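What follows is each chain in one-letter form.
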Amino acid sequence: MTPTQPPMRHIVHVHYHDLAPGDPRYPQVLDLLATISARVQALPPDAAIADITGAEKYFDRDPEGLAQMIRLRTLAWTGVPTTIGAGSSLMLAAMAAAVTEPGGLTVIDDTDEAIVAFLHLRPVAALPGVGPATARTLIHHGLETVGDVARTPLATLQRLLGAAAGRQLHERAHAHDPRTVVPNALSKTTTVSHGFDRDELDPDEHHRAVLALTHQLGARLRDDQAVARTLTLTVRYADRTTTSRTRTPSEATAHTLALTRTAAGLYESLGLQRARVRALSLTAELTDATAAAHQLTFDPDDTKARRIEAAADRARRRFGVDAVLPAALAGRRGRP
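Residues numbered from 1 in each chain as written. Predicted model: local features only at pLDDT ≥ 70, side-chain atom pairs only at ≥ 80, totals over all residues. Heavy atoms only, no water.

**Side note on the overall build of the protein**
Okay, step 1: A tally of helices and strands in the protein yields 12 helices and 9 strands.
Okay, step 2: Here the protein, with 336 residues, has 43% of them falling under the buried criterion.
Okay, step 3: Contacts in the protein between residues at least 24 apart in sequence constitute 69% of all its contacts with a sequence separation of at least 6.
Okay, step 4: On the protein, roughly 17300 Å² of surface is accessible, and the fraction owed to carbon and sulfur atoms is 53%. (Helix = DSSP H or I, 4+ residues; strand = E, 2+ residues; numbered from the N terminus. Buried < 20%, exposed > 50% of the residue type's maximum accessible area, 1.4 Å probe, protein only. Contact = heavy atoms within 4.5 Å. Areas by Shrake-Rupley, 256 points an atom, 1.4 Å probe, with all protein chains shown as cover.)

**Focus: the pattern of salt bridges**
Okay, step 1: Counted under the stated rule, the structure contains 8 salt bridges.
Okay, step 2: Across the pair R208 and E205 runs a salt bridge whose closest N-O atoms are separated by 3.8 Å. Pair noted here: R208 and E205 are both in helix α10 (residues 203–223), with a separation of 3 residues, about one helical turn.
Okay, step 3: Measuring nitrogen to oxygen at the nearest pair gives 2.7 Å for the salt bridge that ties R229 to E285. Residue R229 is found in strand β7 (residues 226–237), and its partner E285 is found in strand β9 (residues 277–288); the two are separated by 56 residues along the sequence. (Salt bridge = Lys/Arg side-chain N within 4 Å of Asp/Glu carboxyl O.)

**Section: the packing of aromatic side chains**
Okay, step 1: Following the criterion strictly, the structure yields 2 aromatic pairs and no others.
Okay, step 2: For the ring pair Y16 and Y26, a centre distance of 6.5 Å and an interplane angle of 75 degrees mean the geometry is edge-to-face. Here Y16 is found in strand β1 (residues 11–16), whereas its partner Y26 is found in helix α1 (residues 25–34), with 10 residues between them in sequence. Across the pair, Y26 and Y16 agree in class, each one buried.
Okay, step 3: Plain terms: the ring middles of Y58 and F59 are 5.0 Å apart, the flat faces sit at 80 degrees to each other, and that makes the pair edge-to-face. (Phe/Tyr/Trp six-rings, centres within 6.5 Å; stacked < 30°, edge-to-face > 60°.)

**Structural notes on the nonpolar core**
Okay, step 1: Membership of the largest hydrophobic core comes to 27 residues, with the highest contact counts inside it found for L217, L221, L231, L272, V277, L280 and L282.
Okay, step 2: For this core, the secondary-structure elements that each account for two or more residues are β6 (189–200), α10, β7, α11 (256–270) and β9.
Okay, step 3: L217 has contacts with T190, V192, L231, L259, L282 and A284, leaving out every residue within four places of it along the chain.
Okay, step 4: Of all hydrophobic cores here, the second largest spans 23 residues; its members include Y26, V29, A42 and F59. (Core = buried A, V, L, I, M, F, W, Y, C linked by side-chain atoms within 4.5 Å.)

**Notes on the sheet that holds strand β3 (residues 47–51)**
Okay, step 1: Strand order in the open sheet made by the 5 strands is β2-β3-β1-β4-β5, with mixed pairing throughout. Whereas interior strands pair on both sides, the edge strands pair on one side only; in this sheet they are β2 (39–43) and β5 (105–107). The sheet shows a mean angle of 15 degrees between the axes of neighbouring strands, direction not considered.
Okay, step 2: Strand direction decides the pairing type here: β2 and β3, joined by 5 bridges, are antiparallel. For L43, the partnering residue across the bridge sits in β3 and is A47.
Okay, step 3: Lying on the sheet, α1 is in contact with β1, β2 and β3; it crosses β2 at an angle near 160 degrees. (Pairing = 2+ DSSP bridges. Axes fitted to C-alpha atoms, helices over the stretch in contact; angles between N-to-C directions.)

**So, α10**
Okay, step 1: In this model α10 runs 30 Å from its N-terminal to its C-terminal C-alpha over 21 residues, within 8% of the 30 Å that 1.5 Å per residue would give.
Okay, step 2: Of the residues that open α10, the one with a side-chain oxygen 2.9 Å from the backbone nitrogen of D204 is D202.
Okay, step 3: Among the residues trailing α10, Q225 stands out with phi positive, at a value near 55 degrees. (Expected span 1.5 Å × (residues − 1). Polar contact = N/O pair within 3.5 Å; in protein donor to acceptor, adjacent residues only side chain to side chain.)

**Section: the packing of α1 against helix α3 (residues 63–78)**
Okay, step 1: Interaxial distance between α1 and α3 falls to 10 Å at its minimum, and their mutual angle equals 140 degrees. With respect to α3, the axis of α1 lies oblique. When you trace α1 past α3, the crossing you get is right-handed. Touching R25, Q28, V29, L32 and L33 of α1 are I70, R73, T74, W77 and T78, all from α3.
Okay, step 2: Partitioned by chemical class, the residues of the contact of α1 with α3 number 5 nonpolar, 3 polar and 2 charged. (Parallel < 35°, antiparallel > 145°, perpendicular 65-115°, else oblique. Left-handed = near helix turned anticlockwise from the far one by under 90°. Nonpolar A, V, L, I, M, F, W, Y, C, P; charged D, E, K, R; others polar.)

Coordinates in, geometry out; function isn't part of it.
This is the structure in structure tokens:
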């Protein structure tokens with residue numbers, strides 16, 4: 001096994017605490033991180049990754065020293081505490097950050113021995129791309145840790161998960177992650193969230209929460225004269241881990257029915273079944289509604305739905321946000 005691949009890179013995954021969606025401090029902490037590395041990728045609303053390989057010689061510090069610098073500068077200049085993971089790939093850095101106590105720092109050494117020692121003890125669900133349904137399949141066949149997966153022949157994994165998914169899992173279990181940090185500008189986004197009063201296992205309640213989120217999001221977008229280019233559904237589980245899925249609608253939209261169809265598809269793709277869900281959030285990447293094109297349709301149901309939506313918006317502006325709600329949301333459990 002060759003856990004690492006040349007050329008050696010050093011990546012940091014930074015999680016910023018106490019940042020709400022749209023917090024004005026988030027662009028500030030990204031700008032600060034950019035003073036240390038030119039390759040910074042924003043992960044809204046509260047994280048970022050950076051390739052610090054070139055910064056090591058400039059600052060005369062090793063990866064741990066640079067991570068300490070990032071943590072101290074961020075706290076001193078913005079007051080935002082951080083949790084940081086560092087490793088030789090995006091995957092290892094993110095996994096290191098995930099197991100680090102809030103405010104702490106975990107650095108995985110470059111040696112094969114250190115990488116294997118860290119990676120093989122992790123549960124299979126810790127690998128990127130392994131959602132609850134995939135994890136259940138692997139555990140059902142006795143593959144509970146990353147080490148178990150790494151010792152399993154590629155052909156066996158492909159029989160269990162399919163050719164592409166099996167190969168990707170095999171590569172990641174052997175620490176092969178060819179992804180690179182892609183510098184990006186911070187996109188304008190908006191997020192709506194729904195927390196349950198208790199860890200919720202009922203898929204019907206999950207669906208009702210998704211409906212509530214799309215109803216809230218659609219109204220917000222139309223009020224702001226914005227449309228969603230992409231939607232990301234994030235599920236937070238009872239053990240505080242999260243899974244996210246992103247999908248691009250056929251056209252940018254603020255239409256609640258279209259948002260609901262896309263979000264419902266995202267939920268179904270997760271295969272949650274009886275997962276213990278603590279919260280759901282829906283994030284939209286935005287663009288100006290005046291710059292978006294709407295595909296004309298001769299579907300009378302779509303036309304009727306949009307007219308009803310416009311009337312509901314007028315009623316909501318006059319009588320309050322809950323003046324008009326879908327019947328399925330009556331008496332729903334949970335908190336916004």
